[in-house]
Amino acid sequence: MSLPEVLAGIRAAEAAAGRPVGSARLVAVTKGQDLDAIDRCVLAHGAFPLGEGRAQELRDKSALRPDLEWHFIGALQRNKVKYLRHVSLVHSVEAAWQAEALAQAAQSWGRAPDVLLQLHNGEAQKHGIEAQALPGALREVRATGLNVRGLMVMAPDLDDLLPPERDARLAALFTDVARRAHDLGLSELSMGMSGDYPHAVAAGATLVRVGRSLFT
């Protein structure tokens, strides 16, 4: 699929959910892609946020193109926070120390990125904040001075399920995350990827992370 086809799918999901056109933004996941491929497959079709999951790769690309909107979507490590200078939104904050490290680095940058709190999806060995710990985590991260815009979640691996059950599980997960964000007064929802974004958009996703489909 090309970016126009993915964007058309997002717009169709918005329409099916009775949502305004453009209320779900595409974040083009560009890890492993060079700037030429990003220009050809993404930026040739318009201005989109670019999501990187590897801090060093983001550092190198954003140093060459600081004019673009860069998002960090990978696991945060203390010694790699320094590479996020040009990032406008970090999707994956799951601990107060990460927020503190970002806030400290931002003092030298002269600006701080906004952040999302990553919610654990219930799958073993995955990153994220447990649901019951979200209110406390929100207070701790806000105490660092960072602006918390919303929540992020990654869907668990459901490939072994047949479509009816898989669809129901995805819809339940995304709806639950949207409810939790609403209860916390948060408006941004980063959820949905190449294989499940229609369910995420139906539940209220405002940022949809798609990568592989854009570069095939």
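Residues numbered from 1 in each chain as written. Predicted model: local features only at pLDDT ≥ 70, side-chain atom pairs only at ≥ 80, totals over all residues. Heavy atoms only, no water.

Novice: Can you help me understand the overall build of the protein chain in this one?
Specialist: Helix and strand content of the protein chain: seven helices and eight strands. For the protein chain, whose C-alpha radius of gyration is 17 Å, the value lies close to the compact-globule estimate of 17 Å for 216 residues. Across its three principal axes, the protein chain shows a C-alpha extent of roughly 50 × 45 × 35 Å. A total of 216 residues make up the protein chain; the buried ones form 50% of that total. Nonlocal contacts in the protein chain, meaning residues at least 24 apart in sequence, comprise 54% of its contacts between residues at least 6 apart. Distance between charge centres in the protein chain, computed from 24 positive and 25 negative side chains, equals 4 Å. (Helix = DSSP H or I, 4+ residues; strand = E, 2+ residues; numbered from the N terminus. Rg over C-alpha atoms; globule rule 2.2 N^0.38 Å. Buried < 20%, exposed > 50% of the residue type's maximum accessible area, 1.4 Å probe, protein only. Contact = heavy atoms within 4.5 Å. Lys, Arg positive; Asp, Glu negative; His and termini not counted. Charge placed at Lys NZ, Arg CZ, Asp CG, Glu CD.)

Novice: When you look at the pattern of salt bridges in this model, what are you seeing that I'm missing?
Specialist: Pairs can form between side chains of opposite charge whenever their charged atoms are close. Inspection of the entire model under this criterion finds 14 salt bridges. With a shortest N-O distance of 2.7 Å, Lys61 and Glu57 are connected by a salt bridge. Remark: Glu57 and Lys61 occur in helix H3 (residues 55-64); sequence separation between them is four residues, near one turn of the helix. You'll find Lys61 and Glu57 in the same group, each marked buried. Within this structure, Glu52, Arg54, Glu57 and Lys61 form a network of salt bridges that share partners. (Salt bridge = Lys/Arg side-chain N within 4 Å of Asp/Glu carboxyl O.)

Novice: I would appreciate a short explanation of the environment of Leu186 in the present structure.
Specialist: By the element assignment, Leu186 lies in the loop between helix H6 (163-183) and strand S7 (188-190). The class for Leu186 is buried, based on a relative accessible area of 8%. In sequence terms Leu186 and Pro135 are 51 residues apart; their C-alpha atoms lie 11 Å from each other.

Novice: Please clarify how the pairing of strand S4 (residues 87-93) should be interpreted in this entry.
Specialist: Counted residue by residue, S4 has six buried out of seven residues, so it is predominantly covered. Where strand S3 (residues 70-72) lies against S4, three bridges are found, and the strand directions are parallel. Residue pairing across strands places Phe72 opposite Val90, the latter belonging to S4. The parallel pair S4 and strand S5 (residues 114-118), bridged by helix H4 (residues 96-109), forms a crossover whose chirality is right-handed. (Pairing = 2+ DSSP bridges. Right-handed = clockwise from strand over helix to strand, strands pointing away.)

Novice: Quick question: what am I supposed to make of a negative patch on the surface here?
Specialist: A contiguous patch of negative charge on the surface is contributed by Asp157, Asp159, Asp160 and Glu165. Tracing the sequence through the fold places Asp160 in the loop between strand S6 (148-152) and H6. (Patch = residues over 30% accessible without salt bridge, like charges linked within 9 Å, V, L, I, M, F, W, Y side chains within 5 Å. Areas by Shrake-Rupley, 256 points an atom, 1.4 Å probe, with all protein chains shown as cover.)

Novice: Quick question: what am I supposed to make of H4 here?
Specialist: Quick reminder: α-helices carry 3.6 residues per turn. Residues three or four places apart thus point the same way. Look at H4: 20 Å from first C-alpha to last across 14 residues, which is about the 20 Å you get at 1.5 Å a residue. Buried within H4 are the following residues: Ala96, Gln98, Ala99, Ala101, Leu102, Ala103, Ala105, Ala106 and Trp109. The elements touched by buried residues of H4 are S4, S5 and helix H5 (134-143). One or two residues past the end of H4 sits Gly110, with phi positive at roughly 85°. (Expected span 1.5 Å × (residues − 1).)

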